[in-house]
Amino acid sequence: GAVVSQHPSWVICKSGTSVKIECRSLDFQATTMFWYRQFPKQSLMLMATSNEGSKATYEQGVEKDKFLINHASLTLSTLTVTSAHPEDSSFYICSPGTGHNEQFFGPGTRLTVL
Amino acid sequence: LAKTTQPISMDSYEGQEVNITCSHNNIATNDYITWYQQFPSQGPRFIIQGYKTKVTNEVASLFIPADRKSSTLSLPRVSLSDTAVYYCLVGDSSASKIIFGSGTRLSIRP
């Protein structure tokens, strides 16, 4: 299966700071990237879908100015949580679009905002 | 995308066979059924996928009745390491995004 990496695997930051999460598809080119977040004991919630070279599409209720997504290349997408607050503490997971039903997911990034 | 319904949680013991059923009454003709497994603090991992009848791989079997309105993931002889959340998803091959349902939290006891 496809290899997906995320960096960092965990991060702790102070309230008000910005955090960038990188997602890389290591062995294939992804024109589409899905970003999810997951709160404890809950399911994955789709935040946004990004396409290489164009603006991301955000799900209802997700602030596009707070969660900045950049998909500048076919192997790298970044999610920046701007002015993070404690309620943004969550597990963030990326998934490159494969064009078929078997999706591959990154290992996730645990964000803790103090 | 068809909505799915699964039990919230299940318990079983090591060595037992575990069957997790998923309901997807509104499944479309072109939809496939895919199951994922997620361990704590990890991304989901593909387990198995099927369209109809039965599919088997090295880790699980997937049973799909003729009407395809439900499916059952079967895990043979579970071990403690099978404790995880299992998600059932349906979608066609051109699905633009994957929406997760609540999943089933499976706990395996010694």
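Attention in this report is confined to the structure presented alongside it. None of these values were measured; they are calculated from a predicted model. (Residues numbered from 1 in each chain as written. Chains lettered and ligands numbered in written order. Predicted model: local features only at pLDDT ≥ 70, side-chain atom pairs only at ≥ 80, totals over all residues. Heavy atoms only, no water.)

1. What about the sheet that holds strand E10 (residues 109–113) of chain A?
All names here are of chain A.
Right, on to step 1. Across the sheet, which stays open at both edges, the six strands sit in the order E2-E10-E9-E4-E5-E6 with mixed pairing between neighbours. Of all strands in the sheet, those with a lone pairing partner are strand E2 (10–13) and strand E6 (57–58), marking the two edges.
Right, on to step 2. One ladder, built from six bridges, connects strand E4 (residues 32–38) with strand E5 (residues 45–51); its direction is antiparallel. Each residue of the ladder has a partner; that of Met 33, found in E5, is Ser 50. (Pairing = 2+ DSSP bridges. Helix = DSSP H or I, 4+ residues; strand = E, 2+ residues; numbered from the N terminus.)

2. With respect to the sheet that holds strand E2 (residues 18–23) of chain B
Residues and elements named next belong to chain B.
Right, on to step 1. The antiparallel open sheet is built from four strands, whose spatial order is E2-E7-E6-E5. Strands with a single pairing partner mark the edges of an open sheet, and in this sheet they are E2 and strand E5 (53–56). Within the sheet, the average angular offset between the axes of one strand and its neighbour, ignoring direction, is 15°.
Right, on to step 2. In this sheet, strand E7 (residues 70–75) lies alongside strand E6 (residues 61–64) in antiparallel orientation, the contact comprising three bridges. Bridge pairing in E7 places Ser 61 opposite Ser 74. (Axes fitted to C-alpha atoms, helices over the stretch in contact; angles between N-to-C directions.)

3. Remarks on the pattern of salt bridges
Residues and elements named next belong to chain A.
Right, on to step 1. In the structure shown here, the tally under the stated rule is three salt bridges over all chains.
Right, on to step 2. For Arg 24, the salt bridge identified is with Glu 22, shortest N-O distance 3.5 Å.
Right, on to step 3. Residue classification places Arg 24 among the partly exposed positions, given a relative accessible area of 33%.
Right, on to step 4. On the accessibility criterion, Glu 22 (23% relative accessible area) is partly exposed.
Right, on to step 5. We note a salt bridge from Asp 88 to Lys 66, for which the minimum N-O separation is 2.9 Å. Residue Asp 88 is found in the loop between strand E8 (76–81) and strand E9 (90–96), and its partner Lys 66 is found in the loop between E6 and strand E7 (67–73); the two are separated by 22 residues along the sequence. (Salt bridge = Lys/Arg side-chain N within 4 Å of Asp/Glu carboxyl O. Buried < 20%, exposed > 50% of the residue type's maximum accessible area, 1.4 Å probe, protein only.)

4. Side note on the interface of chain A and chain B
Right, on to step 1. Tallying the contact residues gives 21 residues for chain A and 22 residues for chain B.
Right, on to step 2. Taking both sides of the interface into account, the surface hidden between chain A and chain B amounts to around 1,600 Å²; carbon and sulfur atoms contribute 50%.
Right, on to step 3. Taken together, chain A and chain B are joined by zero salt bridges.
Right, on to step 4. The tally of links between chain A and chain B comes to five residue pairs in polar contact (both at pLDDT 80 or more).
Right, on to step 5. Those elements that place two or more of their residues in the side of chain A that touches chain B are E4, E5 and E9 of chain A.
Right, on to step 6. Per element, the largest residue contribution to the side of chain A that touches chain B is three residues, and it comes from E4(A).
Right, on to step 7. Tallied by class, the residues present in the side of chain A that touches chain B amount to eight nonpolar, nine polar and four charged. (Contact = heavy atoms within 4.5 Å. Buried area = accessible area lost by both parts, 1.4 Å probe. Polar contact = N/O pair within 3.5 Å; in protein donor to acceptor, adjacent residues only side chain to side chain. Nonpolar A, V, L, I, M, F, W, Y, C, P; charged D, E, K, R; others polar.)

5. A word on the nonpolar core
Right, on to step 1. Ranked by internal contacts, the top residues of the largest apolar core, which has 22 residues, are A:Trp35, A:Phe67, A:Leu79, A:Tyr92 and A:Leu111.
Right, on to step 2. Take this core: its biggest share by element is three residues, from strand E3 (residues 19–25) of chain A.
Right, on to step 3. Contact partners of A:Leu79, with chain neighbours within four places excluded, come to A:Val19, A:Lys20, A:Ile21, A:Trp35, A:Phe67, A:Leu68, A:Ile69 and A:Tyr92.
Right, on to step 4. Core analysis: the second largest hydrophobic core is formed by 20 residues, B:Ile20, B:Ile47, B:Leu106 and B:Ile108 among them. (Core = buried A, V, L, I, M, F, W, Y, C linked by side-chain atoms within 4.5 Å.)

6. Here we look at the pairing of strand E8 (residues 84–92) of chain B
Residues and elements named next belong to chain B.
Right, on to step 1. Counted residue by residue, E8 has eight buried out of nine residues, so it is predominantly covered.
Right, on to step 2. Pairing geometry for strand E3 (residues 31–38) and E8, over eight bridges, is antiparallel. Paired with Gln 37 across the bridge in E8 is Tyr 86.
Right, on to step 3. Where E8 and strand E9 (residues 104–109) come together, three bridges link them in antiparallel fashion. In the strand pairing of E9, Val 85 is matched with Arg 105.

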